[in-house]
Amino acid sequence: MMSGFDTSVLEAIPLPTIYVDANARIVGANERAIALRPQASRSLPFIVVFRHPALNSAIEDCLATGKLQRAIYHHSDGPQDLRFEAQCSIAKLGHERGVMICLRDVTELRQLDQMRRDFVANVSHELRTPLTAILGFIETIQGPAKNDIEAQQRFLKTMAAEASRMNRLVGDLLSLSKVEEVSRMRPTDMVDIDAQIRSALRNLSPLAEERQSTLIYKAKEQPVVVAADSDQILQVITNLVENALKYGGQGTTVNLTLDEVNQSGWLRGPGVRITVADDGPGIDPLHIPRLTERFYRIDSHRSREMGGTGLGLAIVKHIINRHRGRLTIESTLEKGSEFGVILPKS
């Protein structure tokens, strides 16, 4: 800190704060500002320490007009780029009149805003494709195919498939919104996980028969109970098994296991592990870290043909996070994939 200047006022401010005199020379900075820019601890011209034209202009304008000025300051901290909103205002500390610069980290807000824009763009794109197809078929039926009954039936079948796809997308969007809405509310109902697995398998047995696939699960002799939301756990199991059937390939074998686990690693107490494994083509390790991102697909065309919306695993991840659990994904090309769900018992 600079000698002869009381920085106690600056230390009381929870944001990185620098005080400069009428010549725009630094005369004080709190520890948060020094951690951000170590040279701020020295009595140097502000422009030498913070080489940022927009921020320097804001300080000059503040000194010249006496009015509050704002600027965006970009700071590189190793591999991460931080974004700060700088507020420059006239202040008088002791006999010194100068400018107080407070830096508010808005990096996360910026990222959230970008995520929101990306999400809206993705939803718009996902809806535009089937809508364009439906509108095109309607135009054809009303025009060139007005009297072609065979063509109309063919187009109506495609239109129904595209409408179903939009309906699934809207349903998944509503599910995701509902899960996010209750994300901070930890479930308290006691749920038998074994019963939920058997229920999911009953619901998916027609799909397994259609794809000539086999579902294998050895039911537990006794209930396996954890604190959970029964509907959400059923949704998790259904999504994982349905994915295994669809993307494991025709004739795949899907094995489900339910095991109780003791305290280990991040799990502070006893829990249960649900495993869904298939013997399909597997997943390239390059894709695994991004599988739970919204609208991320390994093969967009194939996923849409299968009726996928790109939101299934994102919903699964949010549900498991709400239950304070963990999702694991392991896969080897040509040897299948294994999705594991670990849930704490309490």
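Residues numbered from 1 in each chain as written. Predicted model: local features only at pLDDT ≥ 70, side-chain atom pairs only at ≥ 80, totals over all residues. Heavy atoms only, no water.

(A) The arrangement of helix H5 (residues 107-142) in detail. Here H5 contains 36 residues, and its C-alpha end-to-end distance of 52 Å stays within 8% of the 52 Å for a straight helix at 1.5 Å per residue. Within H5, the full set of buried residues consists of Thr107, Val123, Glu126, Pro130, Ile134, Phe137 and Ile141. (Helix = DSSP H or I, 4+ residues; strand = E, 2+ residues; numbered from the N terminus. Expected span 1.5 Å × (residues − 1). Buried < 20%, exposed > 50% of the residue type's maximum accessible area, 1.4 Å probe, protein only.)

(B) Inspection of the packing of aromatic side chains at higher detail. Throughout the structure, instances matching the rule amount to five aromatic pairs. Here the aromatic rings of Phe46 and Phe50 are separated by 4.7 Å at their centres, their planes lie at 10°, and the arrangement is stacked. Judged by relative accessible area, which is 0%, Phe50 ranks as buried. Between Phe50 and Tyr73 the ring centres are 5.5 Å apart and the planes differ by 70°, which places this aromatic pair in the edge-to-face class. Placement of the pair is Phe50 in the loop between helix H3 (46-49) and helix H4 (53-65) and Tyr73 in strand S3 (residues 69-77), with a sequence separation of 23 residues. (Phe/Tyr/Trp six-rings, centres within 6.5 Å; stacked < 30°, edge-to-face > 60°.)

(C) Main features of the pairing of strand S12 (residues 336-344). Burial within S12 is extensive, with eight of its nine residues counted as buried. Here seven bridges tie strand S10 (residues 271-278) to S12, and the two strands are oriented antiparallel to one another. In the strand pairing of S12, Val276 is matched with Phe339. One ladder, built from seven bridges, connects strand S11 (residues 326-332) with S12; its direction is antiparallel. Bridge pairing links Thr332 to Gly336 in S12. (Pairing = 2+ DSSP bridges.)

(D) Region of the structure containing the nonpolar core. Within the largest apolar cluster, 44 residues are counted, with the highest numbers of intra-cluster contacts made by Ile193, Ile197 and Leu256. At the level of secondary structure, the elements contributing two or more residues to this core comprise helix H6 (149-181), helix H7 (193-210), helix H8 (230-247), strand S9 (253-261), S10, helix H10 (312-322) and S12. Within the second largest apolar cluster, 27 residues are counted, among which are Val49, Phe50, Ala71 and Leu82. (Core = buried A, V, L, I, M, F, W, Y, C linked by side-chain atoms within 4.5 Å.)

(E) Molecular detail of a nonpolar patch on the surface. A cluster of nonpolar side chains, namely Leu109, Leu112 and Met115, defines an oily patch on the protein surface of about 310 Å² accessible area. Positionally, Leu109 belongs in helix H5. (Patch = residues over 30% accessible without salt bridge, like charges linked within 9 Å, V, L, I, M, F, W, Y side chains within 5 Å. Areas by Shrake-Rupley, 256 points an atom, 1.4 Å probe, with all protein chains shown as cover. Salt bridge = Lys/Arg side-chain N within 4 Å of Asp/Glu carboxyl O.)

(F) Molecular detail of the sheet that holds S9. Strand order in the open sheet made by the five strands is S7-S9-S10-S12-S11, with mixed pairing throughout. A single partner strand is all that each edge strand has here, and the edge strands are strand S7 (214-217) and S11. The average undirected angle you get between the axes of adjacent strands in this sheet is 15°. (Axes fitted to C-alpha atoms, helices over the stretch in contact; angles between N-to-C directions.)

(G) Fine view of the sheet that holds strand S2 (residues 26-29). The antiparallel open sheet is built from five strands, whose spatial order is S2-S1-S5-S4-S3. Strands with a single pairing partner mark the edges of an open sheet, and in this sheet they are S2 and S3. Averaged over all adjacent pairs, the angle separating strand axes in this sheet is 30°, with direction ignored. With nine bridges joining them, S3 and strand S4 (residues 80-93) adopt antiparallel strand pairing. Each residue of the ladder has a partner; that of Asp77, found in S4, is Gln80. Lying over the sheet, H4 contacts strand S1 (17-20), S3, S4 and strand S5 (96-105), oriented at roughly 150° with respect to S3. (Contact = heavy atoms within 4.5 Å.)

(H) Here's a closer look at the packing of H7 against H8. Two elements in contact, H7 and H8, have axes whose closest approach is 9 Å; the angle formed by their N-to-C orientations is 40°. Classified by the interaxial angle, the pair formed by H7 and H8 is oblique. When the axes of H7 and H8 are compared, the crossing they make is right-handed. In contact with Ile193, Gln196, Ile197, Ser199, Ala200, Leu201, Leu204, Leu207 and Ala208 of H7, H8 contributes Ser230, Ile233, Leu234, Ile237, Thr238, Val241, Glu242 and Leu245. (Parallel < 35°, antiparallel > 145°, perpendicular 65-115°, else oblique. Left-handed = near helix turned anticlockwise from the far one by under 90°.)

(I) The arrangement of the pattern of salt bridges in detail. Counted by the stated rule, this structure contains 13 salt bridges. Among the ionic pairs, Arg32 bridges to Glu11, the shortest N-O distance being 3.9 Å. Linking Arg32 in helix H2 (residues 31-36) with Glu11 in helix H1 (residues 8-11), this pair joins segments that are 21 residues apart in sequence. As a salt-bridge pair, Arg322 and Asp229 come within 3.1 Å of each other at their nearest N and O atoms. Within this pair, whereas Arg322 is found in helix H10, its partner Asp229 is found in the loop between strand S8 (225-227) and H8, the two being separated by 93 residues in sequence. Look at Asp229 and you get partly exposed, because its relative accessible area is 23%. Beyond isolated ion pairs, a larger network of salt bridges with shared partners links Asp113, Arg116 and Arg117.

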